[in-house]
Amino acid sequence: MTLIDVYDDTLTHAVLLWQLLAERTPEQSISHRGMPTAEQHAAFVRSRPYRHWYVIEDAGSLVGACYITQQDEIGIGILHVHKRQGHGRAAVLELMRRHPGRLLANINPANAASRTLFEGLGFGLVQVTYARA
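All values derive from a computational prediction rather than experimental measurement.

Visitor: I tried to follow unusual backbone geometry on my own but got confused; where do I start?
Guide: Trans is the prevailing form of peptide bonds, just as negative phi is the prevailing case for residues other than glycine. Backbone geometry places Ala59, a non-glycine residue, at a positive phi of 50°. When you line up the elements, Ala59 lands in the loop between β2 (52-58) and β3 (61-68). Note on Ala59: relative accessible area 78%, which makes it exposed. One non-glycine residue, Arg84, lies in the positive phi region at around 65°. Residue position: Arg84 is located in the loop between β4 (73-78) and α3 (87-98).

Written as structure tokens, this is what we have:
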């Protein structure tokens, strides 16, 4: 498993990143209310919104992406066809190796798989945040 910097070639990776967003289920999302167009998402990628942003490659295939925000929050997404194969765990471990220190993971409470992943890596509950739509 390898992490490849998105910002080294945003054009190549924008399609994969948009596909990940399109596959996201409501319980996986905490911030998106609607799906942006491909053009809107490409502009978002070009804006370099995260401190670190990587695509995840394994055996020559792009399987997902992960990032760290300016507030040290981890985000991760794995394409459906590659889920439950250990890519998420491997990517988070590599993020922690490359960027040591305190990291956070904002997880939708309905996303049991992500809660299990991060708890298994030693992350603990810090807060519960409520929003009014």
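Visitor: Looking at this structure, how should I read the sheet that holds β2?
Guide: What holds strands together in a sheet is hydrogen bonding between their backbones, with the strands either parallel or antiparallel. In spatial order, the strands read β1-β2-β3-β4-β5; together these 5 strands make up an open sheet with mixed pairing. Edge strands, defined here as strands with exactly one partner in the open sheet, are β1 (2-5) and β5 (104-105). Relative to β4, β3 is paired through 5 bridges, and the arrangement is antiparallel. Bridged to Cys66 within β4 is Ile76. Contacts from α3 reach β1, β2, β3 and β4 within the one sheet, and its direction differs from that of β4 by about 150°.

Visitor: I keep staring at the pattern of salt bridges and nothing clicks. Help me out?
Guide: It is possible for side chains of opposite charge to pair when their charged atoms get near one another. Summed over the entire model, instances satisfying the criterion amount to 3 salt bridges. The salt bridge partner of Arg51 is Asp72, with a shortest N-O separation of 1.8 Å. One end of the pair, Arg51, is in the loop between α2 (38-46) and β2; the other, Asp72, is in the loop between β3 and β4, with 21 residues separating them in the sequence. Its relative accessible area of 28% is what places Asp72 among the partly exposed residues. For Glu94, the salt bridge is made with Arg98, and the minimal N-O distance between the two is 2.8 Å. Taken together, the residues span about one helical turn, with Glu94 and Arg98 both in helix α3 at a distance of 4 residues.

Visitor: For this particular structure, what's the right way to read the nonpolar core?
Guide: Generally speaking, a soluble globular protein has its nonpolar side chains buried in company with each other. Formed by 16 residues in total, the largest nonpolar core has its most connected members in Leu3, Ile56, Cys66, Ile74, Val92, Leu95 and Phe123. Sequence-distant contacts of Phe123, defined by excluding residues within four places in its chain, comprise Ile74, Val92, Met96, Leu103, Leu104, Ala105 and Phe118. By size, the runner-up hydrophobic cluster in this structure holds 11 residues, among which are Leu20, Tyr50, Val55 and Leu79.

Basis of the calculations
Residues numbered from 1 in each chain as written. Predicted model: local features only at pLDDT ≥ 70, side-chain atom pairs only at ≥ 80, totals over all residues. Heavy atoms only, no water. Helix = DSSP H or I, 4+ residues; strand = E, 2+ residues; numbered from the N terminus. Buried < 20%, exposed > 50% of the residue type's maximum accessible area, 1.4 Å probe, protein only. Pairing = 2+ DSSP bridges. Contact = heavy atoms within 4.5 Å. Axes fitted to C-alpha atoms, helices over the stretch in contact; angles between N-to-C directions. Salt bridge = Lys/Arg side-chain N within 4 Å of Asp/Glu carboxyl O. Core = buried A, V, L, I, M, F, W, Y, C linked by side-chain atoms within 4.5 Å.

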